[in-house]
Amino acid sequence: AEEPAPPPPPDEKTDRYGFYMSDKVHRSRELEPAEKARRMKKEEQRTKKWLRMLSEWDAFERKGKLKARIRKGIPDSLRGRVWCRIVDIPGYRAAYPNLYTELVALQAGAGVEPTDIYQTIERDINRTFPRHQLFGRHNPMGQNMLRRVLHSYSLYDEELGYCQGMGFITAMFLSYITEEDAFYLLVRVINRPGSHLRGLFIQGMPMVIVILRTFDALLRVVLPRLHAKFQREGIDPSMFATEWFITVFTASFPFDLVTRVWDCFLYEGWKVVYRVALALLQKHEAQVLRMEFEQILDHLKHKLPREVDGEEIMRLAARVRITRRMIQQHLEAACAESHITETAYGVADHDAGSPPPPPSAAAQS
């Protein structure tokens, strides 16, 4: 069994995202004072623009300005509000106002027997961001919120139930928005056409191999020398990138990158995920080309995530030359190779304005 993370010292500092400085994976790199001041000033300027956009959302969306602003980064102080607006959480809550309350009450019902899913969630709670001020063992409030949201989803969607990657994504949501909104946002992102998350989380995880094959095909086009190196060394993307995709980077990267990826992912879909994965490899290509099998895997799985500057990687990702058409072609080919129908798990890229799926009959009863 894994040893639980010890509680942090009472005076230990956190980064701006709530991770203790002793967290070697998720905390953001410390910046030089001048660079930190520059970024903070830029964020203050963007915050003023975003406050105006939130008040005139439809007008800015019609003008096509939202995508450009989102790609530059949503101000952290407004991130939760914007995420909810992108996927229309207010509309979903209005349509199903009592859904979450009823699901939580169902969990607390007398005589409810613990299920295998319940026990799996309990086991994973302590493994989810244990060095974050909201989710460590020393803070039961955050763990209780995470527990309720994950249990509620497993009741809402009995076909899917629970998968470990859901914990990291939900915890990230909870660090920005209320417990109830985090549940509705989880429902939206898992079931939204084109998000692929349902196919990544459902039993058998059928979309994992599709995503990895699509990424391998894009890697061959964008970074042919690195792809050839991987082939010579017998390295498949599944050996290092599976967790990247299943959790959309939340489990293994600093949040200054993770949050920027999710800004774009919620609005645009998977293109940004592939772009960022390719940008990470492009950034480290020269080093990796000089390594051999074991060194490569150790570097990609352990060292690369700790050397990330989110702003730099997002700039590199914006210059990665892939198109939606390329992605769709490789995705369809991977689906055919894996014997998955294109509509089974929402393969077609999503429309940001698509309506939410209705709750299951079990959730409504």
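For every chain, the first residue of the written sequence is number 1, and numbering continues from 1 onward in sequence order. The predicted nature of this model means local features are confined to residues of pLDDT at least 70 and side-chain atom pairs, given and counted, to a pLDDT of 80 or more, with totals for whole chains, interfaces and linings taken over all residues. Hydrogens and water are ignored here; the side-chain numbers use all heavy atoms of the structure.

1. As for the overall build of the protein chain
- On a plain count of helices and strands, the protein chain comes out with 20 helices and 0 strands.
- When accessible area is computed with a 1.4 Å probe and restricted to protein chains, residues below 20% of their type maximum are described as buried, those above 50% as exposed, and intermediate ones as partly exposed. Buried residues in the protein chain amount to 52% of all 365 residues.
- Long-range contacts, defined as pairs at least 24 residues apart, comprise 76% of the intrachain contacts of the protein chain with a sequence gap of at least 6.
- For the area figures, the Shrake-Rupley method with a 1.4 Å probe applies, and any residue is considered shielded solely by the protein chains shown. Only carbon and sulfur atoms are counted for the fraction: they give 51% of the accessible area of the protein chain, which is about 17400 Å². Under the scheme used here, helices are H or I runs from DSSP no shorter than 4 residues and strands are E runs no shorter than 2 residues, and both carry numbers assigned from the N terminus. Any pair of residues with heavy atoms lying within 4.5 Å of one another is described as a contacting pair.

2. Topic: the packing of helix α8 (residues 140-156) against helix α9 (residues 165-174)
- Fitted lines through C-alpha atoms give the axes, limited to the stretch in contact for helices. The angle between two N-to-C directions lies from 0 to 180 degrees. As a packed pair, α8 and α9 sit with axes 10 Å apart at the nearest point and diverge in direction by 125 degrees. Between α8 and α9, the angle falls in the class oblique. The handedness of the crossing between α8 and α9 is right-handed. Where α8 abuts α9, its residues M145, L146, V149, L150 and Y153 lie against M166, G167, T170, A171 and L174. Roughly parallel refers to an angle under 35 degrees, roughly antiparallel to one over 145, roughly perpendicular to one between 65 and 115, and oblique to any angle outside these ranges. If you view the pair so one helix is near and one far, a crossing is left-handed when the near helix is turned anticlockwise from the far one by less than a right angle, and right-handed when it is turned clockwise.

3. Observations concerning unusual backbone geometry
- One non-glycine residue, M205, lies in positive phi territory at about 45 degrees.
- Tracing the backbone shows M205 in the loop between α11 (197-201) and α12 (206-222).
- Despite not being glycine, F249 has its phi angle at roughly 75 degrees, a positive value.
- If you trace the backbone, F249 turns up in the loop between α14 (242-246) and α15 (255-268).
- With a relative accessible area of 0%, F249 lands in the buried category.

4. Comments concerning the side chain of E268
- Looking at the element boundaries, E268 is found in helix α15.
- N or O atoms within 3.5 Å of each other form a polar contact, as long as, within protein, one can give a hydrogen and the other can take it, and as long as residues adjacent in sequence are counted only when both atoms are side-chain atoms. A polar contact is formed between the side chain of E268 and the side chain of R71, at a distance of 2.7 Å.

5. Focus on helix α1 (residues 33-55)
- By definition here, a helix of n residues has an expected span of 1.5 Å times n minus one. Along its 23 residues, α1 runs 33 Å from first to last C-alpha, staying within 8% of the 33 Å computed at 1.5 Å per residue.
- By the burial criterion, the buried members of α1 are R39, E43, T47, W50, M53 and L54.
- Where α1 is buried, its residues contact α2 (57-62), α3 (65-72), α4 (79-86) and α18 (310-318).

6. Let's talk about helix α10 (residues 179-191)
- For α10, built from 13 residues, the straight-helix expectation of 18 Å at 1.5 Å per residue is met to within 8% by its first-to-last C-alpha distance of 19 Å.
- Of all 13 residues in α10, 12 are buried; the element is thus mostly enclosed.

7. Considering the pattern of salt bridges
- The rule for a salt bridge is simple: a side-chain nitrogen of Lys or Arg has to be within 4 Å of a carboxyl oxygen of Asp or Glu. Taken as a whole and judged by the stated rule, the model has 25 salt bridges.
- With a closest N to O distance of 2.7 Å, E179 and R148 form a salt bridge. Here E179, found in helix α10, pairs with R148, found in helix α8; they are 31 residues apart in sequence, far enough to count as distant.
- Under the relative-accessibility criterion, E179 is labelled buried at 15%.
- Given the relative accessible area of 29%, R148 is considered partly exposed.

8. Quick notes on the packing of α4 against α15
- α15 packs onto α4 with a crossing angle of 20 degrees between their chain directions and a minimal axis gap of 9 Å. Accordingly, the angle class assigned to the pair α4 and α15 is roughly parallel. Crossing handedness for the pair α4 and α15: left-handed. Along its contact with α4, which presents R79, W83 and I86, the element α15 presents T259, R260, W262, D263, L266 and Y267.
- In this count, Pro and Cys sit with the nonpolar residues alongside Ala, Val, Leu, Ile, Met, Phe, Trp and Tyr, while Asp, Glu, Lys and Arg are called charged and the others, Gly among them, polar. Here the residues of the contact of α4 with α15 are counted per class, giving 5 nonpolar, 1 polar and 3 charged.

9. What to know about the nonpolar core
- Definition used in this section: a nonpolar core is a set of buried Ala, Val, Leu, Ile, Met, Phe, Trp, Tyr and Cys residues joined via side-chain atoms within 4.5 Å. Ranked by size, the top nonpolar core spans 115 residues in total, and within it F173, L197 and W262 carry the most contacts.
- In terms of residue count, the dominant contributor to this core is helix α16 (residues 271-289) (10 residues).
- Every residue in contact with W262, bar those within four places of it in the chain, is listed here: W83, I169, M172, F173, V189, L197, T247, V248 and T250.

10. Observations concerning the packing of aromatic side chains
- Put simply, two rings from Phe, Tyr or Trp (the six-membered ring, in Trp's case) pair if the centres are within 6.5 Å, and we call them stacked under 30 degrees between planes, edge-to-face over 60, tilted for the rest. A full pass over the atoms with the stated rule returns 26 aromatic pairs.
- Aromatic side chains F129 and F135 sit 6.5 Å apart centroid to centroid with 50 degrees between the ring planes, which places their arrangement in the tilted category.
- Overall, the relative accessible area of 1% leaves F129 in the buried class.
- Judged by relative accessible area, F135 falls into the buried class, the value being 1%.

11. Some words on the confidence of the model for the protein chain
- Summarising the model, the protein chain shows a mean pLDDT of 87, and 88% of its residues fall at 70 or more.
- The pLDDT value expresses, per residue, how confident the predictor is, ranging between 0 and 100. The secondary-structure element of the protein chain with the lowest mean pLDDT is helix α20 (residues 361-364), recorded at 41, while helix α13 (residues 224-233) shows the highest, at 98.
- Within the model, pLDDT remains below 50 along residues 346-365, and this stretch shows 58 contacts once partners closer than five positions in the same chain are excluded.

12. With respect to the environment of A182
- Turning to its location among the elements, A182 is positioned in helix α10.
- A relative accessible area of 0% means that A182 is categorised as buried.
- Sequence separation between A182 and L146 is 36 residues; the distance between their C-alpha atoms is 9.2 Å.
- Not counting residues up to four positions away in its chain, the partners in contact with A182 are V149, F173, L174 and I177.

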